[in-house]
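The chain contents come next:
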Amino acid sequence: MTARIEPTFGGADGGAVQRTDAASDGLSEKEALAIVVGDRFRTYLHHWRLYEASGRAPRRWNWPAFLFSSLWFFFRRMHAWGTIWFILSPLLMTTFVLLGLPWLSLLSFVVFRVLAGILANPLYLAHCRRIVRKVDAEHRGAHRRHLELQKAGGVSYTALVIALAVTASQNT
């Protein structure tokens, strides 16, 4: 039996409406996401609108992602997105400067920052759901599943420090 988590949104009282197929361990999607996100789950619960029965899309603005873009993605363990932002933004900016179009360089910088602010919450929700599905498929026991969700989720200070070091080395 393959465990599957469908997109769910809680009821108006904050309780989860739908449970995973592997309900034997008693974790709803919301509870599993809380384990993956960690301490900041209340904030993301609000951003993702999981407490609303309407099933609307997550809120569209994330200030930390706007301000720190690739660093925020690395910190939240979204390494692929962090790498994309880390490489494409400077690459486009440098290309435009070399082409003699510095105003396009500035525009691309602003566009990448705004896109990070807009896309961060939906991307993070998708990332966390992917972690929950993967752990759910690989680990059946409730205790083991809880530990694996904690290990796979959360934040990565190591990735943040490495990204900061690489950024600093590029700017010297």
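It should be emphasised that the depicted structure is a prediction, and the values quoted were computed from it without experimental measurement.

1. Digging into the overall build of the protein chain
A count of helical and extended segments in the protein chain gives eight helices and zero strands. Expressed as a percentage of its 172 residues, the buried residues of the protein chain come to 40%. Looking at the protein chain alone, contacts between residues at least 24 apart form 60% of all its contacts between residues at least 6 apart. Of the roughly 9,700 Å² of accessible surface on the protein chain, 65% is carried by carbon and sulfur atoms.

2. Focus on the confidence of the model for the protein chain
When the pLDDT values of the protein chain are averaged, the result is 82; 78% of them are 70 or greater. For the stretch residues 1-6, pLDDT sits under 50, and the model shows 20 contacts to residues farther than four places along the chain or on other chains. In this model residues 8-24 is a low-confidence stretch, pLDDT under 50, and it forms 47 contacts with partners more than four residues away in sequence or in other chains.

3. Focus: helix 5 (residues 79-98)
In a regular helix each residue adds 1.5 Å, so 20 residues correspond to 28 Å; helix 5 covers 28 Å between its end C-alpha atoms and thus fits that length. Considered for burial, the residues of helix 5 that qualify are G82, W85, F86, S89 and F96. Axial view of helix 5: buried residues confined to an arc of 140 degrees, hence all on one face. Among the exposed residues of helix 5, those oriented more than 90 degrees off its buried face are A80 and L98. Looking one or two residues beyond helix 5, the residue adopting positive phi is G100, at roughly 80 degrees.

4. Brief notes about the side chain of E148
Checked against the element boundaries, E148 lands in helix 7 (residues 142-152). Its relative accessible area of 11% is what places E148 among the buried residues. Residues contacting E148, with those up to four places away along its chain left out, are V135 and H139.

5. Observations regarding the environment of V135
Looking at the secondary structure, you find V135 in helix 6 (residues 102-138). Spatially, the C-alpha atoms of V135 and R145 are 6.5 Å apart, while their sequence positions differ by 10 residues. Each residue touching V135, except ones within four places of it in the same chain, is listed here: R145, E148 and L149.

6. Quick word on unusual backbone geometry
In the Ramachandran plot, S69 falls in the positive-phi region, its phi being about 30 degrees despite a non-glycine side chain. Residue classification places S69 among the buried residues on the basis of a relative accessible area of 7%. Located in the positive-phi region is R77, a residue other than glycine, with phi close to 65 degrees. Within the fold, R77 resides in the loop between helix 4 (70-75) and helix 5.

7. Let's talk about the nonpolar core
It is characteristic of soluble globular proteins that their nonpolar side chains tend to be buried jointly. W48, W72, Y124 and L149 are the most contacted members of the largest nonpolar core, which has 26 residues in total. For this core, the elements supplying multiple residues, two or more each, are helix 1 (29-37), helix 2 (41-48), helix 4 and helix 6. In this structure, L149 is in contact with L27, A32, I35, V36, I131, V132 and V135, ignoring residues within four places of it in sequence. Among the nonpolar cores identified, the runner-up in size contains five residues, and L71, F74, F86 and A159 belong to it.

8. Observations concerning the layout of surface pockets
Roughly 340 Å³ of volume is contained in the largest pocket. Along its surface, the largest pocket is lined by 15 residues, and S70, F86, P90, R113 and T167 are the ones closest to its centre. For the lining of the largest pocket, the element with the highest residue contribution is helix 5, accounting for five residues. The residue makeup of the lining of the largest pocket, split by class, is eight nonpolar, six polar and one charged. Quantified by volume, the second largest pocket comes out at close to 150 Å³. Only helix 6 and helix 7 provide two or more residues apiece to the lining of the second largest pocket. No other element matches the six residues that helix 6 contributes to the lining of the second largest pocket. Residue composition of the lining of the second largest pocket, grouped by class: three nonpolar, two polar and four charged.

Reading the values: rules and limits
- Residues numbered from 1 in each chain as written.
- Predicted model: local features only at pLDDT ≥ 70, side-chain atom pairs only at ≥ 80, totals over all residues.
- Heavy atoms only, no water.
- Helix = DSSP H or I, 4+ residues; strand = E, 2+ residues; numbered from the N terminus.
- Buried < 20%, exposed > 50% of the residue type's maximum accessible area, 1.4 Å probe, protein only.
- Contact = heavy atoms within 4.5 Å.
- Areas by Shrake-Rupley, 256 points an atom, 1.4 Å probe, with all protein chains shown as cover.
- pLDDT = per-residue confidence, 0-100.
- Expected span 1.5 Å × (residues − 1).
- Arc of directions from axis to C-beta.
- Core = buried A, V, L, I, M, F, W, Y, C linked by side-chain atoms within 4.5 Å.
- 1 Å grid on protein atoms, 1.4 Å probe; cavity = no way out; pocket = protein on both sides within 12 Å on 5 of 7 lines; lining within 4 Å.
- Points joined across faces, edges and corners; volume = space filled by probe spheres on them.
- Nonpolar A, V, L, I, M, F, W, Y, C, P; charged D, E, K, R; others polar.

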